[in-house]
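What the coordinates show
Next come the chains, spelled out residue by residue.
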Amino acid sequence: MNYDEMILAHASWKQNLQKAISTREGVDAVAAGRDDQCSLGKWIHGEGRSLKGNQAYEDLKSKHAKFHSCIPPILVQAKSSPEKALGMVNNFGGDFGKSTVEVVNAISNLRKLVEKR
């Protein structure tokens, strides 16, 4: 797994959502809400399972799922009130903002663990 790519991909969701809301481009809320569709999710539910039971892996798995669950409500809100949806994305203290930081930190923590081995 390329940790830097996974961090960048999840940190980039903010800009991706802002663009989708502003341009009214469709993002599949169902797919975006699934934690097994992105590269990191495929790793977590595939090869990463070899770390099952490891606290850093379990933390990442949980926080990654929470991160993806924050996205569909934003996309649903964007249909009726793009301004509110942008507020949800830009609110650092909101669910999406907190989850973004948590998943990035969890990736970094797993990296530290794996690199010690």
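Note that this is a predicted model, so its numbers are computed, not measured.

Calculation criteria
- Residues numbered from 1 in each chain as written.
- Predicted model: local features only at pLDDT ≥ 70, side-chain atom pairs only at ≥ 80, totals over all residues.
- Heavy atoms only, no water.
- Helix = DSSP H or I, 4+ residues; strand = E, 2+ residues; numbered from the N terminus.
- Rg over C-alpha atoms; globule rule 2.2 N^0.38 Å.
- Buried < 20%, exposed > 50% of the residue type's maximum accessible area, 1.4 Å probe, protein only.
- Contact = heavy atoms within 4.5 Å.
- Axes fitted to C-alpha atoms, helices over the stretch in contact; angles between N-to-C directions.
- Parallel < 35°, antiparallel > 145°, perpendicular 65-115°, else oblique.
- Nonpolar A, V, L, I, M, F, W, Y, C, P; charged D, E, K, R; others polar.
- Phe/Tyr/Trp six-rings, centres within 6.5 Å; stacked < 30°, edge-to-face > 60°.
- Core = buried A, V, L, I, M, F, W, Y, C linked by side-chain atoms within 4.5 Å.
- Salt bridge = Lys/Arg side-chain N within 4 Å of Asp/Glu carboxyl O.

A tally of regular secondary structure across the protein chain gives eight helices and zero strands. Going from the N terminus to the C terminus, the protein chain shows its helices and strands as α-α-α-α-α-α-α-α. A compact globule built from 117 residues should have a C-alpha radius of gyration of about 13 Å, and the protein chain, at 15 Å, falls within 12% of that. Out of the 117 residues in the protein chain, the part that is buried amounts to 38%. In the protein chain, once contacts between residues fewer than 6 apart in sequence are set aside, the share between residues at least 24 apart is 72%.

Our focus in this paragraph is the packing of helix α1 (residues 3-11) against helix α8 (residues 95-116). Running from amino to carboxyl end, α1 crosses α8 at an angle of 175°, the nearest separation of the two axes being 9 Å. The orientation of α1 with respect to α8, classified from their angle, is roughly antiparallel. Listed contacts from α8 to Y3, D4, M6, I7, H10 and A11 of α1 are T100, V103, V104, I107, S108, L110, R111 and V114. For the contact of α1 with α8, the class distribution of residues is nine nonpolar, three polar and two charged.

This structure, assessed with the given rule, holds two aromatic pairs. Between W43 and Y57, the ring centres sit 6.3 Å apart and the planes meet at 70°, which makes this aromatic pair edge-to-face. Of this pair, W43 sits in helix α4 (residues 39-44) while Y57 sits in helix α5 (residues 55-69), and the two are 14 residues apart along the sequence. Y57 matches W43 in its accessibility class, with the two residues each being buried. Judged by centre distance (5.6 Å) and plane angle (35°), the rings of F67 and F96 are tilted. Residue F67 is located in helix α5, and its partner F96 is located in helix α8; the two are separated by 29 residues in the primary sequence. No difference in accessibility class separates F67 from F96, as the two residues are buried.

Of all hydrophobic cores here, the largest spans 29 residues; its most connected members are L17, L40, W43, L60, I71, F96 and L110. Per-element accounting of this core gives the leading share, six residues, to α8. What L110 contacts, discounting residues up to four positions off in sequence, is M1, Y3, W43, L51, A56, Y57 and L60.

Take the side chain of H64 next. Along the chain, H64 turns up in helix α5. On the accessibility criterion, H64 (0% relative accessible area) is buried.

Turning next to the pattern of salt bridges. A full pass over the atoms with the stated rule returns five salt bridges. R111 is the salt-bridge partner of E115, the closest N and O atoms lying 3.4 Å from each other. Taken together, the positions of E115 and R111, both in helix α8 and four residues apart, correspond to about one turn of that helix. The exposure class assigned to E115 is exposed, which follows from its relative accessible area of 55%.

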